[in-house]
Amino acid sequence: MIIDNKEAFEKYYQAEYDYNTSTLTEEEVFAIKELAREKRVNYALAPIGEKIFDWISEQNADIHFEMVDLESDKIDGMLYIPVTGSAKAYIILNSNKPLINQIFTAAHEYYHYIKDYAMIKETPYICNFNALEGVNEKKASRFAAEFLLPEDALRNEIRIMHKNMNGLDETKHDFEFYAAISIMLTVKYQMPLKAVIYRLHEEAYINDISQYIENYEFIKSVLRELKIFEKKVGYLYSNENHHFDIYGNIYRQMKSAYDTGYAAREEILRDAETLKLDNQIVNDFFDNTEEEDKDDDLEMQKLLEKLWGDE
C-alpha cells in the first residue's frame, strides 16, 4: 500500500502513547473493562500478546495491517481510512518500532476502530487524531492495557508471585517486589514495561508511581540483562514482525482453532497430516513455553532472592 498524501500523513499520525489514564472517570473505566472482557472472551485470562494481529484480522475482514517505515521513533502507528465512506481501515504499524510496541499499538488502534470509526469514517485518508486528543486517546490506551493484561489475570499473577517469593516481606520490599512483577508481566503478556507499571498503578497495587517512573531505566536495564529472559526479551525488542506472512486461509483457521482452545495439538497435527500441509508452518503454531515458564519462575525467584532478598 502506498500512502500518497504526505501532508496528511505527517499531520495525523499517532505519536507515542501516554499510559497515564488516571483522569478517566469510574464510569469510563468500567465501560472499558467490560469492552475488553467482551472482546477477549475466547482467551479468558490467557496472554494474547503477539497473537493480537491474527485475532484482529479474524474479528473483522475489513481491518488490514500494514508495516511502514515511518523513520521517526516517536511515531507508533495510526488508523488509516483510504476512501471516503469505505468500510475498510488499515492499522499502520511503524516497522522501526519493537514488536512489543507494535502489539500495544494494534490493541490501541483497534479500540479506535470499534469505538471511533463511526465518527471519522467520512474523513478521507487518515483519521484526524487531533480531534481524538485527550480522553479518547486515554481510553484507547486503557483498553489496550486492559485487553492485553486483564484485571483478573493481573490479580492471579500477583498471587502466584507472592507464593513463589516464599513469604517475602512485601512492605519492606515494595519497590523491588513490584519491579520484579513488572519485568515478569512484560515478558509473559508481551506488553511494554511502562504500560505494565501503569497497569499496576491503575489497579492500585502501586500507590506512588513516581518512584517507578524515576527508576524506569534501571528496571528496564534489569529486564534486558536477565539471562533467563534473554531470548524472549531480544525477540520482543526486535523490530521483526513475521505475523503478516501469508500462510493461506486453512493455516490461519487451524492456528486460530489451536490458539482459542477449540482444537488440541494432536488434532491439529492429525488434520495437517491428512491435508498434507507444511509441517514446519503447523509446528510453529504451538506455544511450547509452558514448561519454560515454570523454569523461568524458579530462576526468577532465585535471581530476585540474590539481588533483592532479605539483607
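Since we're looking at a predicted model, the values are computed, not measured. (Residues numbered from 1 in each chain as written. Predicted model: local features only at pLDDT ≥ 70, side-chain atom pairs only at ≥ 80, totals over all residues. Heavy atoms only, no water.)

Q: Explain the overall build of the protein to me, please; I cannot follow it from the model alone.
A: Looking only at helices and strands, the protein has 15 helices and four strands in total. Counting the 311 residues in the protein, one finds 47% classified as buried. When the accessible surface of the protein is summed, it comes to about 16000 Å², and 47% of that surface belongs to carbon and sulfur atoms. (Helix = DSSP H or I, 4+ residues; strand = E, 2+ residues; numbered from the N terminus. Buried < 20%, exposed > 50% of the residue type's maximum accessible area, 1.4 Å probe, protein only. Areas by Shrake-Rupley, 256 points an atom, 1.4 Å probe, with all protein chains shown as cover.)

Q: Any chance you could explain the packing of aromatic side chains here in plain terms?
A: To describe a pair of aromatic rings, one takes the distance between the centres and the angle between the planes. Applying the stated criterion across every chain yields a total of nine aromatic pairs. For the ring pair W55 and F147, a centre distance of 4.9 Å and an interplane angle of 50 degrees mean the geometry is tilted. You can see W55 sitting in helix α3 (residues 52-59) and its partner F147 sitting in helix α5 (residues 135-148), a full 92 residues away along the chain. Taken individually, W55 and F147 each receive the classification buried, so the pair is uniform in this respect. Their ring planes at 35 degrees and their centres at 5.0 Å tell us that F175 and Y212 sit as a pair that is tilted. Taken together, the residues F175 in helix α7 (residues 174-189) and Y212 in helix α9 (residues 210-214) connect sequence positions 37 residues apart. The pair F175 / Y212 is uniform in exposure class, with both members buried. Put simply, the rings of W55, Y110, Y111, F143 and F147 pair up and form one aromatic cluster. Looking at R40, its charged tip hangs above the ring of F147, at a distance of 5.8 Å from the centre. Sitting over the ring of Y237, R224 keeps its end group 4.7 Å from the ring centre. (Phe/Tyr/Trp six-rings, centres within 6.5 Å; stacked < 30°, edge-to-face > 60°. Lys NZ or Arg CZ within 6 Å of the ring centre and 35° of its normal.)

Q: Could you clarify how one ought to interpret α5 in this entry?
A: An α-helical segment advances 3.6 residues per turn. Residues three or four places apart therefore align on the same side. Along its 14 residues, α5 runs 20 Å from first to last C-alpha, staying within 8% of the 20 Å computed at 1.5 Å per residue. Counting buried positions along α5 gives 13 out of 14 residues, so the element sits mostly inside the fold. (Expected span 1.5 Å × (residues − 1).)

Q: Is there a simple way to think about the nonpolar core in this case?
A: Across soluble globular proteins, nonpolar side chains have a tendency to be buried as a group. Formed by 70 residues in total, the largest nonpolar core has its most connected members in I52 and I56. The biggest single contributor to this core is α7, with eleven residues. Sequence-distant contacts of I56, defined by excluding residues within four places in its chain, comprise I63, F65, I91, A106 and Y110. Counting residues in hydrophobic clusters, the runner-up holds eight residues, among them M254, A272, I281 and F286. (Core = buried A, V, L, I, M, F, W, Y, C linked by side-chain atoms within 4.5 Å. Contact = heavy atoms within 4.5 Å.)

Q: Could you clarify how one ought to interpret the confidence of the model for the protein in this entry?
A: Where the model shows low pLDDT, its predicted coordinates should not be examined in detail. Predicted confidence across the protein gives a mean pLDDT of 77, with 71% of residues reaching 70 or more. Counting contacts from residues 124-132, a segment whose pLDDT is below 50, to residues more than four positions away or on other chains yields 34 contacts. Note on residues 289-294: pLDDT is under 50 here. Beyond four places in sequence and across chains, it has three contacts. (pLDDT = per-residue confidence, 0-100.)

Q: Looking at this structure, how should I read the pairing of strand β4 (residues 89-94)?
A: It is a general feature of regular strands that their side chains alternate between the two faces of the sheet. Most of β4 sits inside the fold, with six of its six residues counted as buried. Burial of the side chains of β4 extends over both faces: A89, I91 and L93 are buried on one face and Y90, I92 and N94 on the other. The pairing of strand β2 (residues 63-68) with β4 spans six bridges and is classified as parallel. Across the sheet, the residue bridging to I63 is A89, located in β4. Where strand β3 (residues 75-80) meets β4, four bridges bridge the pair, whose relative direction is antiparallel. By the bridge assignment for β4, L79 is matched with I91. (Pairing = 2+ DSSP bridges.)

Q: Before we go on, may I ask you to explain the pattern of salt bridges in this structure?
A: Oppositely charged side chains can pair when the atoms bearing their charge come close. One pass over the structure, following the stated rule, counts 15 salt bridges. Of the charged contacts, one joins K33 and E151 as a salt bridge, the two residues approaching to 3.0 Å between their closest N and O atoms. You can see K33 sitting in helix α2 (residues 26-39) and its partner E151 sitting in helix α6 (residues 151-164), a full 118 residues away along the chain. Accessibility expressed as a relative area gives 13% for K33, which makes it buried. (Salt bridge = Lys/Arg side-chain N within 4 Å of Asp/Glu carboxyl O.)

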